[in-house]
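Residue strings, one per chain:
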Amino acid sequence: MVGLKNEGCGYPRGWKLVDEVPGGIGPSPVIDVDGVRRLHRHELRENQCSSFLVKRIDAPVHLVWSLVRSFDEPQKYKPFVSRCIMKGGDFEIGSVREVNVKSGLPATTSTERLERLDDNERIFGIRIVGGDHRLKNYSSIITVHPDCKNGRPGTTVVESFTVDVPEGNTEDETCYFVEAVIQCNLKSLAEISERLAHNQMQQSQ
């Protein structure tokens, strides 16, 4: 865990580093904590759970953001997405996409609406509005923050979510499942972003 426990004000219950390992999580990414609190506020209802995940990426912020903001192509970095079809809208708030999910997850499709897309503050938000899965009233916010490590530009990505706890499951079980999926997504985002950054650096030499 990384600070910021939920104090009943609509903030998720805590922060987790995607690279968390037994015995310690290492140094926390350099991010504006107050800014993250402001951007990741969720309106929690009864029988819902919520959490933060944080991932540091060794790639420039503009490159990482270009992948995150691709509402029409989430398969660019999300390993469990096989196909995405736009159902309405053209990147304006309220646009809808239908995502096909690869085998291995307890789902086949997910219908998702674009809730936030801010290129200035680099905020991306979606809400699941249908599909064949158990994630009812799911919404997520991703923010992308520039940082620096050893004098080199990097990026910190923060993703938070809120979702109903399905009947027969506990809050911890629900959060564990969603966090596992997000961890896979963020690790893939890091790998792809860092590979693209490396290739661009090679080409510029």
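Residues numbered from 1 in each chain as written. Predicted model: local features only at pLDDT ≥ 70, side-chain atom pairs only at ≥ 80, totals over all residues. Heavy atoms only, no water.

The chain is annotated in an unreviewed UniProt entry as Abscisic acid receptor PYL8 from Rhynchospora pubera. What UniProt states about the chain under its Sequence similarities (unreviewed entry) heading is, verbatim, "Belongs to the PYR/PYL/RCAR abscisic acid intracellular receptor family." (UniProt positions renumbered as here; feature names shortened; annotations may be inferred.)

**Quick look at unusual backbone geometry**
Positive phi is not limited to glycine here, since Asn 47 has a value of about 65°. Here Asn 47 shows up in the loop between α1 (33-39) and β1 (48-57). Of note, Asn 137 is a non-glycine position whose phi angle comes to about 55°, a positive value. Here Asn 137 shows up in the loop between β5 (123-132) and β6 (139-149). Classification of Asn 137 as partly exposed rests on a relative accessible area of 33%. (Helix = DSSP H or I, 4+ residues; strand = E, 2+ residues; numbered from the N terminus. Buried < 20%, exposed > 50% of the residue type's maximum accessible area, 1.4 Å probe, protein only.)

**So, the pairing of β5**
Examined bridge by bridge, strand β4 (residues 109-118) and β5 share 9 bridges and lie antiparallel to one another. From the neighbouring strand, Ser 110 faces β5, where its bridge partner is Gly 131. The hairpin formed by β4 and β5 contains 4 residues between the paired strands, and Arg 122 there has a positive phi angle of roughly 55°. Pairing geometry for β5 and β6, over 5 bridges, is antiparallel. Along β6, the bridge assignment pairs Ile 123 with Thr 143. With antiparallel pairing between neighbouring strands as the criterion, β5 and β6 make up a hairpin whose turn holds 6 residues, including Asn 137 at a positive phi of roughly 55°. (Pairing = 2+ DSSP bridges.)

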